[in-house]
Amino acid sequence: MQEIKKYVEDNRQRFLDELFELLRFPSVSADPKYKGDVLKTADFVAQKLKDAGADKVEICETAGYPIVYGEKLIDEKLPTVLIYGHYDVQPADPLELWETPPFEPTVRDGKIYARGACDDKGQFYMHVKAFELMMQTGTLACNVKFMIEGEEEVGSANLGTFVHANVERLKADVVLISDTSMISMENPSIETGLRGLAYMEVEVVGPNRDLHSGVYGGAVANPATILCKMIASLHDENNHITVPGFYDKVVELTAAEKKALNSAPFDLNEYKEDLHIKAEWGEKGYSTLERTGTRPTLEVNGIWSGYIGEGAKTVLPSKANAKISMRLVPNQSSDEISALFTKHFESIAPDYVKVKVTAHHGGEPVVTPTDSVAYRAAEKAIVDSFGKEPIPTRGGGSIPIVALFESALGIKSVLFGFGLDSDALHSPNEKYDIYNYYKGIETLPLFHKYFAELSK
């Protein structure tokens, strides 16, 4: 541990400077106008893998943005760790809510503020620097493969094709992913499950054009009003989702599982204070930790209609749209839930509007084992680095490729994140603590050490 700490301390400023350089690329995969920046980011990642000591570094073309691959195979008798991350980021909108520009990383109170600081540039780059550390100190204990993609934030549409076409090249004993969070640095944790995702877009169409709200208002159905009513009906008075069949395959936690989940450190008052809300909201009969980790949800991600520019324009809009995501739990299928939602949403549309439902991307929920060699290696690494046992938790987010790796490569993943839930992922003023960044670089080599030892 002292050798690790010394290397990190000796290279502390360089590690931070390189991350800042990475964060300055506006690698927004959802917006075609950033295509050049996304490709430049892939070039940067590839070069840094080479600099760290990786062999066979390749920018692998796909039908979308490329996947950066690299490897270091030191002994076929040793276990192999496949490291996954993503170099693309969410759009920074709304820009006016950022305190500092999203692609000009800024440090305030020991935290790096930038889009992608935590999700996932700051986290995947910890692995690159931890790999460099192991190479430079002669302590690399496992074979290592890197697969860093550029389309995670738009559903990883081309990753499945790449994985299935490269099963032999990607052969490994475990996938190591840092794209999740811990409870806190005082209470380290390892996520043992993720929810799945079904992402939909709906459109409600009324008259064939925008109408004068004085001439036609009250006589023609307003698509914006109808859409709002339809969306509101998707939850009942207990905030239970009303789509028929939605909960049919959901398995309730046992009393013991509930007790274990709710024993994790959590202060509801701090939670509300952090979010500036007076009260929590959610499905009746479940705690906040259960709602965010083990229950399925349905949320509106965006809604638009009519005139939203400056000033006033009195129109009755022709159509209204919304984007809706559903987080899924084990046994639910994204395809099945998408079909159930489509059928239900079309069925509740009144005759005076037409409805179109489009399924975008999805992913399956996963639960990772806590009795595996890889999990125990992560556990021992946390104990050495933090001085205490990690708490197993369930993550509320989705990383669809975890299920893909299991089905296509036949290997489980370890979700070894160092972010915090309060890091404002996907929001303005995304941040990542500098302490967490360095702590990750210090802890990851210990995972490799113990994974090699425990695999013997």
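The structure presented is a predicted model; accordingly, all values stated were derived computationally and were not measured.

Novice: I'd like a description of the sheet that holds strand 13 (residues 297-305), backed by residues and values.
Specialist: In spatial order, the strands read 13-15-11-16; together these four strands make up an open sheet with antiparallel pairing. Strand pairing shows two members of the sheet lacking a second neighbour, strand 13 and strand 16 (354-363), which therefore form its edges. For this sheet, the mean angle separating the axes of adjacent strands, direction not counted, is 15°. Each of strand 11 (196-205), strand 13, strand 15 (319-328) and strand 16 is contacted by helix 7 (residues 223-232), which is oriented at about 15° to strand 15, the strand it contacts most. Its contacts with the sheet put helix 11 (residues 334-347) on strand 11, strand 13, strand 15 and strand 16, and the angle it makes with strand 11 is roughly 20°.

Novice: I'd like a description of helix 2 (residues 12-23), backed by residues and values.
Specialist: A rise of 1.5 Å per residue sets the reference length of helix 2, with its 12 residues, at 16 Å; its end C-alpha atoms lie 17 Å apart and thus fit the reference within 8%. Of all the positions in helix 2, only Phe15, Leu16, Glu18, Leu19, Phe20, Leu22 and Leu23 are classed as buried.

Novice: Which residues make up unusual backbone geometry, and what values go with them?
Specialist: With an omega of -5°, the peptide bond between aspartate 93 and proline 94 qualifies as cis. Tracing the backbone through its elements, the reader meets proline 94 in the loop between strand 3 (80-86) and strand 4 (106-108). In this structure, the amide linkage connecting aspartate 119 to the following residue, aspartate 120, adopts the cis form with an omega of 0°. If you trace the backbone, aspartate 120 turns up in the loop between strand 5 (111-113) and helix 4 (121-137). Its identity as a non-glycine residue notwithstanding, histidine 276 has a phi of 55°, on the positive side.

Novice: Account for the pattern of salt bridges, naming residues and giving values.
Specialist: One pass over the full model with this rule turns up 21 salt bridges. The salt bridge involving lysine 5 is made with glutamate 442; its shortest N-O contact spans 3.3 Å. Of this pair, lysine 5 sits in helix 1 (residues 2-10) while glutamate 442 sits in helix 14 (residues 434-454); the two residues are 437 residues apart in sequence, bridging distant segments of the chain. Taking relative accessible area as the criterion, lysine 5 reaches 31% and is therefore assigned partly exposed. It is possible to trace a salt-bridge network through shared partners that takes in Arg14, Glu18, Lys129 and Glu132.

Novice: Give a detailed account of the nonpolar core, specifying residues and quantitative values.
Specialist: In terms of nonpolar packing, the biggest core is built from 68 residues, with Tyr87, Phe416, Tyr437 and Phe447 touching the most fellow members. Among the elements that line this core, the one with the most residues is helix 14, at 10 residues. For phenylalanine 416, the residues in contact, after removing those within four places along its chain, are Leu176, Ile177, Ser178, Thr180, Ile190, Ala378, Ala381, Ile382, Thr443, Leu444 and Phe447. Counting residues in hydrophobic clusters, the runner-up holds 28 residues, among them Met200, Leu298, Ala320 and Val357.

Novice: I'd like a rundown of the environment of leucine 227, residues and numbers included.
Specialist: Along the chain, the position of leucine 227 falls in helix 7. By relative accessible area, leucine 227 is classed as buried at 0%. Each C-alpha atom, one on leucine 227 and one on valine 202, is 8.8 Å from the other, the two residues being 25 residues apart in sequence. Apart from the residues within four sequence positions on either side, leucine 227 is in contact with Val202, Val204, Ile303, Ala320, Asn321, Ala322 and Phe345.

Novice: Which residues make up the packing of aromatic side chains, and what values go with them?
Specialist: Evaluated as defined, the whole model comprises 12 aromatic pairs. Ring centres of phenylalanine 25 and phenylalanine 44 lie 5.6 Å apart, and the angle between their planes is 55°; on these two criteria the pair is classed as tilted. One end of the pair, phenylalanine 25, is in the loop between helix 2 and helix 3 (35-52); the other, phenylalanine 44, is in helix 3, with 19 residues separating them in the sequence. With centroids separated by 5.4 Å and ring planes inclined at 70°, the aromatic side chains of phenylalanine 131 and phenylalanine 146 adopt a geometry described as edge-to-face. With a gap of 15 residues between them, phenylalanine 131 in helix 4 and phenylalanine 146 in strand 6 (residues 143-149) connect regions that are remote in the sequence. Across the pair, phenylalanine 146 and phenylalanine 131 agree in class, each one buried. Positioned above the aromatic ring of tyrosine 113, the side-chain terminus of arginine 108 is 3.8 Å from the ring centre.

About the criteria used
Residues numbered from 1 in each chain as written. Predicted model: local features only at pLDDT ≥ 70, side-chain atom pairs only at ≥ 80, totals over all residues. Heavy atoms only, no water. Pairing = 2+ DSSP bridges. Helix = DSSP H or I, 4+ residues; strand = E, 2+ residues; numbered from the N terminus. Axes fitted to C-alpha atoms, helices over the stretch in contact; angles between N-to-C directions. Contact = heavy atoms within 4.5 Å. Expected span 1.5 Å × (residues − 1). Buried < 20%, exposed > 50% of the residue type's maximum accessible area, 1.4 Å probe, protein only. Salt bridge = Lys/Arg side-chain N within 4 Å of Asp/Glu carboxyl O. Core = buried A, V, L, I, M, F, W, Y, C linked by side-chain atoms within 4.5 Å. Phe/Tyr/Trp six-rings, centres within 6.5 Å; stacked < 30°, edge-to-face > 60°. Lys NZ or Arg CZ within 6 Å of the ring centre and 35° of its normal.

All we've got here are geometric facts, nothing functional implied.
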